[in-house]
Amino acid sequence: MKAERTAARLAKQISAFSKEHGGAEGQVAYIGERGARIVLVGEDGGWGDLVAPSVAVAEKAVEKAGITVHESFDGEFASKVTTGRYEWTRMAGIQVGGPKNG
């Protein structure tokens with residue numbers, strides 16, 4: 001029962017993200033003992049993620065939210081992400097050719 005409530009809560013958050021970003025697509029990734037990460041990419045290029053206690057709960061949440069789910073985070077799906085100075089800095093993008101500080 002707890003898994004159902006958790007999936008419903010996550011689905012509500014996914015739907016809110018989708019509404020805020022003009023639609024959304026996602027990808028579920030197993031992250032070990034912590035469970036699964038749901039990566040969300042909005043139609044406007046905005047992105048975010050949520051953590052679910054298991055892959056099963058994450059999959060139920062994206063199903064309830066009704067978003068398109070991708071097998072992996074690459075190709076056309078990944079290219080929808082819009083990154084700015086903050087994201088490059090946060091991801092240590094300077095080492096891979098991102099914007100320079102200053």
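So, how was this worked out
Residues numbered from 1 in each chain as written. Predicted model: local features only at pLDDT ≥ 70, side-chain atom pairs only at ≥ 80, totals over all residues. Heavy atoms only, no water. Buried < 20%, exposed > 50% of the residue type's maximum accessible area, 1.4 Å probe, protein only. Helix = DSSP H or I, 4+ residues; strand = E, 2+ residues; numbered from the N terminus. Pairing = 2+ DSSP bridges. Contact = heavy atoms within 4.5 Å. Axes fitted to C-alpha atoms, helices over the stretch in contact; angles between N-to-C directions. Salt bridge = Lys/Arg side-chain N within 4 Å of Asp/Glu carboxyl O. Parallel < 35°, antiparallel > 145°, perpendicular 65-115°, else oblique. Left-handed = near helix turned anticlockwise from the far one by under 90°. Nonpolar A, V, L, I, M, F, W, Y, C, P; charged D, E, K, R; others polar.

Caption draft 1: Highlighting the pairing of strand S1 (residues 24–30). Counting buried positions over the 7 residues of S1 gives 5, a clear majority of the element. Pairing of S1 with strand S2 (residues 36–42) involves 7 bridges; the strand directions are antiparallel. Considered in S2, the bridge of glutamate 25 is made with valine 41. Hairpin connection between S1 and S2: a loop of 5 residues separates the two successive antiparallel strands, and glycine 32 in this loop has a positive phi of roughly 80°. Two strands pair when backbone bridges link them, and S1 and strand S4 (residues 68–70) are joined in this way by 3 bridges, in the parallel orientation.

Caption draft 2: Looking closely at the environment of alanine 61. Inspection of the secondary structure assignment puts alanine 61 in helix H2 (residues 55–65). Measuring from C-alpha to C-alpha, the distance between alanine 61 and arginine 5 comes to 9.8 Å, with 56 residues separating the pair along the chain. Apart from the residues lying within four places of it in its own chain, the contact partners of alanine 61 are Ala7, Leu10, Ala11, Ile14 and Ile38.

Caption draft 3: Quick look at the sheet that holds S4. Pairing within the open sheet is mixed, and its 4 strands lie in the order S3-S2-S1-S4. Bordering the open sheet on either side are strand S3 (47–52) and S4, each of which pairs with just one other strand. Looking at each pair of strands side by side, their axes are set apart by 25° on average, direction ignored. On the sheet, helix H1 (residues 2–20) packs against S1, S2 and S3 and is oriented at approximately 175° with respect to S3.

Caption draft 4: Geometry of the side chain of serine 18. Within the secondary structure layout, serine 18 lies in helix H1. We classify serine 18 as buried; its relative accessible area is 15%.

Caption draft 5: Just the pattern of salt bridges, in detail. This model, assessed by the stated rule, comprises 5 salt bridges. The shortest N-O distance in the salt bridge between aspartate 49 and arginine 37 comes to 2.7 Å. Of the two residues, aspartate 49 is situated in strand S3 and arginine 37 in strand S2; the sequence distance between them amounts to 12 residues.

Caption draft 6: Structural detail: the packing of H1 against H2. One way to put it is that H1 packs onto H2 with a least axis distance of 8 Å and a crossing angle of 50°. In this view, H1 runs oblique relative to H2, as classed from their interaxial angle. The chirality of how H1 crosses H2 is right-handed. Between H1 and H2, the residues in contact are Ala3, Glu4, Thr6, Ala7, Ala8, Leu10, Ala11, Ile14 and Ser15 and Val57, Lys60, Ala61, Val62, Lys64 and Ala65, respectively. Class assignment of the residues belonging to the contact of H1 with H2 gives a composition of 10 nonpolar, 2 polar and 3 charged.

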